[in-house]
Amino acid sequence: MQTDEAVMRPSTKDAFQLKGSLFTLTIMQVVDLNCDKISIQLDNVVAGAPNFFQQAPMVLDFNHCKQPPTTQQLSSICDALQKHNISPIGICGDHSDILRQAAAENHLALFPKQKTEKSPSPAKTDASTRYKTRLITQPVRSGQQIYAKDADLIVTASVSNGAEILADGNIHIYGTLKGRALAGVGGDQDARIFCQQLEAELVSIAGLYQLNEDFAQKYPNKNMQIYLDNERLCISEL
Amino acid sequence: MADAEIVVITSGKGGVGKTTTSAAFATGLAMRGLKTVVIDFDVGLRNLDLIMGCERRVVYDFVNVINEEANIHQAMIKDKRADNLYILPASQTRDKDALSKEGVERVINQLKEEFDYIVCDSPAGIETGAQMALYFADKAIIVTNPEVSSVRDSDRILGILSSKSKRAEENLEPVKEMLLLTRYEPYRVERGDMLSVQDVEEILSIPLLGVIPESKAVLRASNAGSPVILDEQSDAGQAYHDAVSRFLGEDKPHRFLEIEKKGILQRLFKSKEREGAY
Ligand SMILES: Nc1ncnc2c1ncn2[C@@H]1O[C@H](COP(=O)(O)OP(=O)(O)OP(=O)(O)O)[C@@H](O)[C@H]1O
Ligand SMILES: [Mg+2]
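The residue numbering used here restarts from 1 in each chain and proceeds along that chain's sequence as written. Lettering of chains starts at A and numbering of ligands starts at 1, both following the order in which they are written. This being a predicted model, a pLDDT of at least 70 is required before a residue's local features are given, and a value of 80 or more before pairs of side-chain atoms are given or counted; all residues contribute to the totals for chains, interfaces and linings. Heavy atoms from the whole structure form the basis of all side-chain values; hydrogens and water molecules are not counted.

**A look at the overall build of chain A**
On a plain count of helices and strands, chain A comes out with 6 helices and 15 strands. Across the 238 residues that make up chain A, the buried fraction comes to 37%. Whether two residues are in contact is decided by their heavy atoms, any of which lying within 4.5 Å being enough. The long-range fraction of contacts in chain A, counting pairs at least 24 apart against all pairs at least 6 apart in sequence, stands at 35%. When the accessible surface of chain A is totalled, it reaches about 14,700 Å², and 51% of it is carbon and sulfur. Runs of E in the DSSP output that reach at least two residues are strands. Runs of H or I that reach at least four are helices, and both are numbered from the N terminus. A simple rule labels every residue: compare its accessible area, found with a 1.4 Å probe on the protein chains alone, to the largest value its type can have, and call it buried under 20%, exposed over 50%, or partly exposed in between. Here the accessible surface of atoms and residues is derived via Shrake-Rupley with a 1.4 Å probe, and residues count as covered only by protein chains that are part of the display.

Shown next as C-alpha cells:
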C-alpha cells in the first residue's frame, strides 16, 4: 500500500505529473474548404450562441471533403476560427499523409479514428429495424426452449434453471433469469440481454458466452444488462 | 349434471406422493358429497387400488375399457368407505403404450357426464404416460418434495402442461396449476437440509394449495389400504383435508409449517410410536 502511494505521488523533484482524462469536444465536420464560406457560416453560428464558443476547443474533421486541406488551407481555417474566439486543437478522422503534414505544421494534434463514427454501418441499422417481437407471458420452464427467429424476445415472467431462450435480436426478461439466454444468435453483436434479476446458468451475445461460475460476482435484486463491448462480454447494472 | 372437472395429480419425479395424494384427494372430494372417480394412469405398476384397499376387487381395468373389452361400469370399483367414490384401476400386465389418446378421450367423455370430479393419478416422468395423464386436465396439482431434484422435475412438468396439454394445444384458457408440497419436515428446513415453502414457491411461481408434513400415518394408512385422509387424528390427514377445502375455494391457514413444540408426555408418546413403526 505504502509503496504504491509513493509511486503515484509526484516526487518533489518533478515539475509536473501526467494524468489521463476524458473531455467532451465539439467536432466541426468540414465539407467545403472555401475559407470565406466557412467564415460567413461561423459569423452566424457564433452570433446564435456567443457564450458557448468562448475559447471553446474544436476538433476538425475533413473526412467529408473531396480532398484533405493543404497546410495553407488549414492555416486559413484555423485563423478564421481563432478570430471567432474558437480554439482549434486537433484533427480527427482518417489521416492521409497530406493531412498529417498540414496538422503538424499548424501545431494541431491528431485524434485517433473514432469508433462511434464507423459503427452504424448500413447492415446493422437494417438489422435492428428488421426485428419483430416475440412475446412470452408464461414462465419458461426447465426443459423448454424458445427461439425468437429474426426477432427480439420479451418474457414477462421468469426463466427457470434448465430452460433456454434464444433470439436473433435482443432479449428482455421481466423476471428472474435462471436458465440460459442467448441473444444475437445470428451474429448481431449489438444485441443485448436485459433482465430484472440475473442468476443465469449462461449468457451469450453473438456466440460469446459466459457461464455462471465465471461471473465476477452475484447481482441480487438488480436490473441488469449484458452486451458486447469490443468483442468482450460485459455484465452491468442498469 | 354439469361436466366433470378433470384434475391431474402429477410431479415429474417418482415416489414423491402422487398416488398417496390422488387417493386422499379423491376421498376428500367424495366425503364432501362430490361424485368423484379416480383413474390410475400408471399402467404396468398399479398402485392406486392397493392404497385404496380394493386390489382384490379388480376384475377389469382402464386398458380393458379403452380396448372395449369391458364397459366403464364393469371396470369401475365403488369405494366401500365413501359413497360418491369410484376407482378405475390400471392394468398390471400391459405395457406403457397401451393407452391411446383417442381411447382415453372416449372414456373421459363418458365419465364427464356422470361425475363432478375426475382425478387422474399420473405415472412418474415427463414422457408418454405422464403426458397422457395430464392431456385432458382442467387443473393440475403439482406434487413436489422440498428438494432440488423434485422441484426441477416439477418445473419440467409445468412446462409440458403449458405446451403439450389439450388446453395449450387448442389455445384455451391454460390449465390451472397448484402446488402441493409433500413430505415437509420443518426441522430439516431449519437445518438447511431441505428447501423451505418460500423457496419452492419462489422457484415454481404457482399458487400454493397445501403443505403435507412427513408423517408416519401415511405408511400406516397405505399398509392398511385406507387413504390417509380418513385418519382424521393424523397431521397428514388434517393437512389433506385443509388442501381439499382450499381446492374448493375455502380460505384455510396453512398448518404444520413450524417445528412442533412437544410437551414431555407427547414426546414419550411419540418415541413409543416410533418404536412401533419399525
Ligand atoms: N407425507 C408423507 N409422509 C411420509 N411418507 C410419505 C408421504 N407421502 C408419501 N409418502 C411415502 O412415499 C412413498 C411414495 O409415495 P407414492 O406412492 O404416493 O408416490 P408416487 O409419487 O405415487 O410414486 P410413483 O412415482 O412411483 O407413482 C410411499 O412409500 C409413501 O408411503
Ligand atoms: Mg404413484
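**Examining the confidence of the model for chain B**
Residues of chain B with pLDDT of at least 70 account for 93%, and the chain-wide mean is 92. Predicted confidence is poor over residues 272-278 of chain B, with pLDDT under 50, and the contacts of this stretch with residues over four places away or in other chains come to 5 contacts. You can read pLDDT as the predictor saying how much it trusts each residue, on a scale of 0 to 100.

**Things to note about the site of ligand 1**
Residue and element names in this part refer to chain B. Neighbouring residues of ligand 1: 15 residues in total, closest Gly15, Lys18, Thr19, Thr20 and Ser215. Two N or O atoms form a polar contact when they lie within 3.5 Å of each other; inside protein one atom must be a possible hydrogen donor and the other a possible acceptor, and for residues adjacent in sequence the pair counts only when both atoms belong to side chains. At 2.9 Å from an oxygen atom of ligand 1 is found a main-chain nitrogen or oxygen belonging to Gly15. Contact between ligand 1 and Val16: an oxygen atom at 3.1 Å from a main-chain N or O atom of the residue. When contributions to the shell around ligand 1 are tallied by element, the ones reaching two or more residues are helix H1 (18-31) and strand E8 (208-213). Considering every element that reaches the shell around ligand 1, the biggest residue donor is H1, with 3 residues. Each residue is assigned to one class: nonpolar for Ala, Val, Leu, Ile, Met, Phe, Trp, Tyr, Cys and Pro, charged for Asp, Glu, Lys and Arg, and polar for all the others, Gly among them. Class assignment of the residues belonging to the shell around ligand 1 gives a composition of 5 nonpolar, 6 polar and 4 charged. One heavy atom suffices: a residue is near a molecule or strand as soon as one of its heavy atoms comes within 4 Å of it.

**Points about the sheet that holds strand E2 (residues 56-61) of chain A**
Residues and elements named next belong to chain A. Whether two strands pair comes down to DSSP finding at least two bridges between them. Across the sheet, which stays open at both edges, the 4 strands sit in the order E1-E2-E3-E4 with parallel pairing between neighbours. The open sheet terminates on both sides in strands that have one partner only, identified here as strand E1 (26-29) and strand E4 (109-110). Sheet topology note: the E2/strand E3 (residues 86-92) ladder contains 6 bridges and is parallel. Looking at E3, one finds that Ala56 is bridged to Ile86.

**Let's talk about the state of the cysteines**
Cysteine sulfur atoms are paired as a disulfide whenever they come within 2.5 Å of each other. Within the structure shown, the criterion is met by 0 disulfides over all chains. Residue A:Cys234 stays outside any disulfide, its sulfur separated by 15 Å from that of A:Cys195, the closest cysteine.

**Re empty space enclosed by the protein**
All names here are of chain B. Cavities and pockets were defined on a 1 Å grid built from protein atoms only: a cavity is a group of points that admits a 1.4 Å probe but offers it no way out, a pocket is an open group of points flanked by protein on both sides within 12 Å along at least five of seven lines, and a lining residue is one with an atom within 4 Å of any such point. Grid points are joined across faces, edges and corners, and a volume is the space filled by probe spheres set on the points. Taken as a whole, this structure holds 2 cavities of 30 Å³ or more when the rule is applied. There is about 50 Å³ of room inside the largest cavity. Lining the largest cavity, in full, are Thr20, Ile51, Val218, Ala221, Ser222, Ser226, Pro227 and Val228. Among the elements that make up the lining of the largest cavity, the one with the highest residue count is helix H11 (residues 216-224) (3 residues). Its residues placed into classes, the lining of the largest cavity shows 5 nonpolar, 3 polar and no charged.

**Description of the packing of helix H6 (residues 128-135) of chain B against helix H7 (residues 148-164) of chain B**
Residues and elements named next belong to chain B. Contact pair H6 / H7: the axes reach a minimum separation of 10 Å and the direction vectors enclose 55°. The angle between H6 and H7 falls in the class oblique. H7 is crossed by H6, and the crossing has right-handed handedness. On H7, the residues touching Ala130, Gln131, Leu134 and Tyr135 of H6 are Ile157, Ile160, Leu161 and Lys164. All axes here are fitted lines through C-alpha atoms, helices being fitted over the stretch that makes contact, and every angle between N-to-C directions spans 0 to 180 degrees. When an angle is under 35 degrees it counts as roughly parallel; over 145 it counts as roughly antiparallel; between 65 and 115 it counts as roughly perpendicular; any other value is oblique. Crossing handedness: left-handed means the near helix sits turned counterclockwise from the far one by under a right angle, and right-handed means the same turn made clockwise.

**Focus: the pairing of strand E14 (residues 224-229) of chain A**
Residue and element names in this part refer to chain A. Counted residue by residue, E14 has 5 buried out of 6 residues, so it is predominantly covered. Sheet analysis places strand E11 (residues 193-198) next to E14, joined by 3 bridges and oriented antiparallel. Looking at E14, one finds that Cys195 is bridged to Met224. The sheet contact formed by E14 and strand E15 (residues 232-237) spans 6 bridges and is antiparallel. What sits directly across from Leu228, in E15, is Leu233. Hairpin geometry of E14 and E15 is characterised by an intervening segment of 2 residues between the two adjacent antiparallel strands and by a positive phi of about 55° at Asn230.

**Examining the domain arrangement of chain A**
Where each domain begins and ends is defined by an automated method or by a domain database. Taken as a whole, chain A is organised into domain 1 (18-111) and domain 2 (128-237). If you average the C-alpha positions of domain 1 of chain A and of domain 2 of chain A, the two centres end up 44 Å apart.

**Some thoughts on the interface of chain A and chain B**
With 11 residues of chain A at the contact, the number on the chain B side is 14 residues. Here the buried area means the combined drop in accessible surface, using a 1.4 Å probe, for two parts upon being joined, counting both sides. For the pair chain A and chain B, the two sides together bury roughly 900 Å², of which 35% comes from carbon and sulfur. Ranking the residues of chain A by area buried against chain B places A:Gln138, A:Arg141 and A:Ser142 at the top, with a combined share of 54%. Note on definitions: salt bridges are taken to be side-chain nitrogens of Lys or Arg within 4 Å of carboxyl oxygens of Asp or Glu. Taken together, chain A and chain B are joined by 2 salt bridges.

**Digging into the pattern of salt bridges**
Residue and element names in this part refer to chain B. Summed over all chains, the structure comprises 17 salt bridges over all chains. Here Lys139 ties to Glu5 by a salt bridge, and the two come within 3.1 Å at their closest N and O atoms. Taken together, the residues Lys139 in strand E6 (residues 139-144) and Glu5 in strand E1 (residues 5-10) connect sequence positions 134 residues apart. With a relative accessible area of 14%, Lys139 lands in the buried category. With its nearest N and O atoms 2.6 Å apart, the salt bridge here joins Arg191 to Asp193. Its relative accessible area of 54% is what places Arg191 among the exposed residues.

**Observations concerning the confidence of the model for chain A**
Residues and elements named next belong to chain A. Per-residue confidence for chain A gives a mean pLDDT of 84; residues scoring 70 or more make up 86%. In the model, residues 1-8 has pLDDT below 50 throughout and makes 1 contact with residues more than four positions away in sequence or in other chains. Throughout residues 116-128 the model reports pLDDT below 50, and contacts reaching past four residues in sequence, or to other chains, amount to 6 contacts.

**Examining the nonpolar core**
Residue and element names in this part refer to chain B. Core analysis: the biggest nonpolar cluster contains 52 residues, and Leu88 and Leu111 have the highest contact counts within it. In contact with Leu111, other than residues within four places in its own chain, are Val37, Ile39, Ile72, Met76, Leu88 and Ile118. To qualify as a nonpolar core, a set must consist of buried Ala, Val, Leu, Ile, Met, Phe, Trp, Tyr and Cys residues joined through side-chain atoms within 4.5 Å. Counting residues in hydrophobic clusters, the runner-up holds 37 residues, among them Leu29, Cys54, Val58 and Val143.

**Focus on the side chain of B:Ser11**
Residues and elements named next belong to chain B. Mapping Ser11 onto the fold places it in the loop between E1 and H1. Of note is the side chain of Ser11, whose polar atom sits 2.5 Å from the backbone oxygen of Lys13. Ignoring sequence-local partners within four residues, the contact set of Ser11 consists of Val16, Lys18, Val143, Ser150, Asp153, Ser154 and Ile157.

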